[in-house]
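# Secondary and tertiary structure notes
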Amino acid sequence: MRRLLVITHSAGFKHGYLPVAEEILKKIGEESGKFEVTATDECNLLNREDLKSFDAILFATTGELPVSDEQKMDFINAIKSGKGFIGVHNAADTFYKFPEYGRMLGGYFHSHPWTQEIIVIVEDGNHPATSHLPKKFIVKEEVYTFRDWSRDKTHVLMSLDNSSVDLSKGTRPDNDYALCWCHNYGEGRVFYTAFGHFKEIWYEKWFQIHLLNGILWAMKCL
């Protein structure tokens, strides 16, 4: 049985979905029979010795996490050495003062100009995290835009259909708004999904399958 460490520490804005996220992550792990979840809002397990016990780390975090520089490097080196990393929504709103985290994740949160129903484009329908989805679908979400991000540095799985929003509110000159991506980081795999702001989405089957297979991909089970 694989082990997933879920960190929900909020050093910035505290999202209301977090208790539901813990419940759903434990449920999909148990039901799949593939992994068990250790969930905590503390950061003390982010050290070299404790991280050896986990196959992947999932962040649903905000702000500058209360860890030492040594712990930051232990965490980053664990991913680089082969652990999986899964970032959910506000994981991109984390560790701004630790640039290597942004490089590992693929970018940082910039702003959220649209909180509404949007049309999502599935760019890669062959990835395990998206293979169950139609080419396009509608969902209500708080849409993040990103800085220090480029599709040259990652593999985009889903993106925003720009026709479904008021683009004049956007933050990127290229109007390229990814919603989910993945890539390798050293020997590790990184999976990020920008969905998850509203607790209701965590109960939706498509999102649970999306998360489950993103986690399993990051763990190299798929």
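Quantities reported herein were computed from a predicted structural model and do not represent experimental measurements. (Residues numbered from 1 in each chain as written. Predicted model: local features only at pLDDT ≥ 70, side-chain atom pairs only at ≥ 80, totals over all residues. Heavy atoms only, no water.)

Across its full length, the protein holds five helices and nine strands. Listing the helices and strands of the protein from first to last along the sequence gives β-α-β-α-β-α-β-α-β-β-β-β-β-α. In terms of overall size, the protein behaves like a compact globule, its C-alpha atoms giving a radius of gyration of 16 Å where 222 residues would be expected to give roughly 17 Å. Counting over 222 residues, the protein shows a buried share of 57%. Taking the intrachain contacts of the protein between residues at least 6 apart in sequence as the baseline, contacts between residues at least 24 apart amount to 75%. Here the protein displays about 9400 Å² of accessible surface, and carbon together with sulfur accounts for 48% of that area. Side-chain charges in the protein split into 25 positive and 30 negative, and the spacing between the mean points of these groups amounts to 3 Å. (Helix = DSSP H or I, 4+ residues; strand = E, 2+ residues; numbered from the N terminus. Rg over C-alpha atoms; globule rule 2.2 N^0.38 Å. Buried < 20%, exposed > 50% of the residue type's maximum accessible area, 1.4 Å probe, protein only. Contact = heavy atoms within 4.5 Å. Areas by Shrake-Rupley, 256 points an atom, 1.4 Å probe, with all protein chains shown as cover. Lys, Arg positive; Asp, Glu negative; His and termini not counted. Charge placed at Lys NZ, Arg CZ, Asp CG, Glu CD.)

Sheet architecture is open: nine strands sit in the order β2-β1-β3-β4-β9-β8-β7-β5-β6, paired in mixed fashion. Looking at strand neighbours, the two that pair on one side only are β2 (35-40) and β6 (136-147), the edges of this open sheet. Recorded for the sheet is a direction-independent mean angle of 25° between the axes of neighbouring strands. Two elements, strand β1 (residues 2-7) and β2, share six bridges in a ladder whose sense is parallel. (Pairing = 2+ DSSP bridges. Axes fitted to C-alpha atoms, helices over the stretch in contact; angles between N-to-C directions.)

A few words on the environment of Leu216. Along the polypeptide, Leu216 turns up in helix α5 (residues 205-218). Here the alpha-carbon distance between Leu216 and Ile86, two residues 130 residues apart in the chain, equals 9.9 Å.

For the rest of this paragraph, the subject is helix α3 (residues 69-80). Taking 1.5 Å per residue as the helical rise, α3 with its twelve residues ought to reach 16 Å, and the 16 Å between its terminal C-alpha atoms agrees with that figure. Buried residues in α3 make contact with α2 (48-51), β3 (56-59), β4 (84-88), α4 (99-105), β8 (178-185) and β9 (188-193). Of the residues trailing α3, Gly82 is marked for its positive phi of about 130°. (Expected span 1.5 Å × (residues − 1).)

In this section: the packing of helix α1 (residues 18-32) against α5. Contact geometry of α1 with α5 gives a least axis separation of 10 Å together with a crossing angle of 70°. As far as their axial angle goes, α5 and α1 are roughly perpendicular. Viewed along their axes, α1 and α5 form a crossing whose handedness is right-handed. Facing α1, whose interface residues are Ile24, Leu25, Lys27, Ile28 and Ser32, α5 presents Gln208, Leu211, Leu212 and Ile215. Each residue belonging to the contact of α1 with α5 can be placed in one class, and the counts come to six nonpolar, two polar and one charged. (Parallel < 35°, antiparallel > 145°, perpendicular 65-115°, else oblique. Left-handed = near helix turned anticlockwise from the far one by under 90°. Nonpolar A, V, L, I, M, F, W, Y, C, P; charged D, E, K, R; others polar.)

Further remarks concern the environment of Leu133. Residue placement: Leu133 occurs in the loop between β5 (108-122) and β6. Each C-alpha atom of the pair Leu133 and Ile121 lies 9.8 Å from the other, and the pair is twelve residues apart in sequence. Not counting the four nearest positions on each side in its chain, Leu133 is found in contact with Val122, Met158 and Trp206.

What follows is about the side chain of Lys83. With respect to the helices and strands, the residue Lys83 is situated in the loop between α3 and β4. No salt bridge forms around the buried Lys83; measuring N to O, its nearest opposite-charge neighbour Asp55 is 5.6 Å away. Not counting chain neighbours up to four residues away, the residues in contact with Lys83 comprise Leu51, Lys52, Phe54, Asp55, Ile57, Ala78, Gly188 and Arg189. (Salt bridge = Lys/Arg side-chain N within 4 Å of Asp/Glu carboxyl O.)

Formed by 46 residues in total, the largest nonpolar core has its most connected members in Leu4 and Trp202. A total of eight residues in this core trace back to one element, the largest contributor, which is α5. Excluding its chain neighbours within four sequence positions, the residues that come into contact with Trp202 are Tyr17, Val20, Ala21, Ile24, Leu25, Val88, Gly196, Phe207, Gln208 and Leu211. (Core = buried A, V, L, I, M, F, W, Y, C linked by side-chain atoms within 4.5 Å.)

Let us now look at unusual backbone geometry. Positive phi outside glycine occurs at Asp148, with the angle close to 55°. For Asp148, the location among the structural elements is in the loop between β6 and β7 (155-160). Despite not being glycine, Asn175 has its phi angle at roughly 55°, a positive value. Relative to the assigned elements, Asn175 resides in the loop between β7 and β8. Residue classification places Asn175 among the partly exposed residues on the basis of a relative accessible area of 29%.

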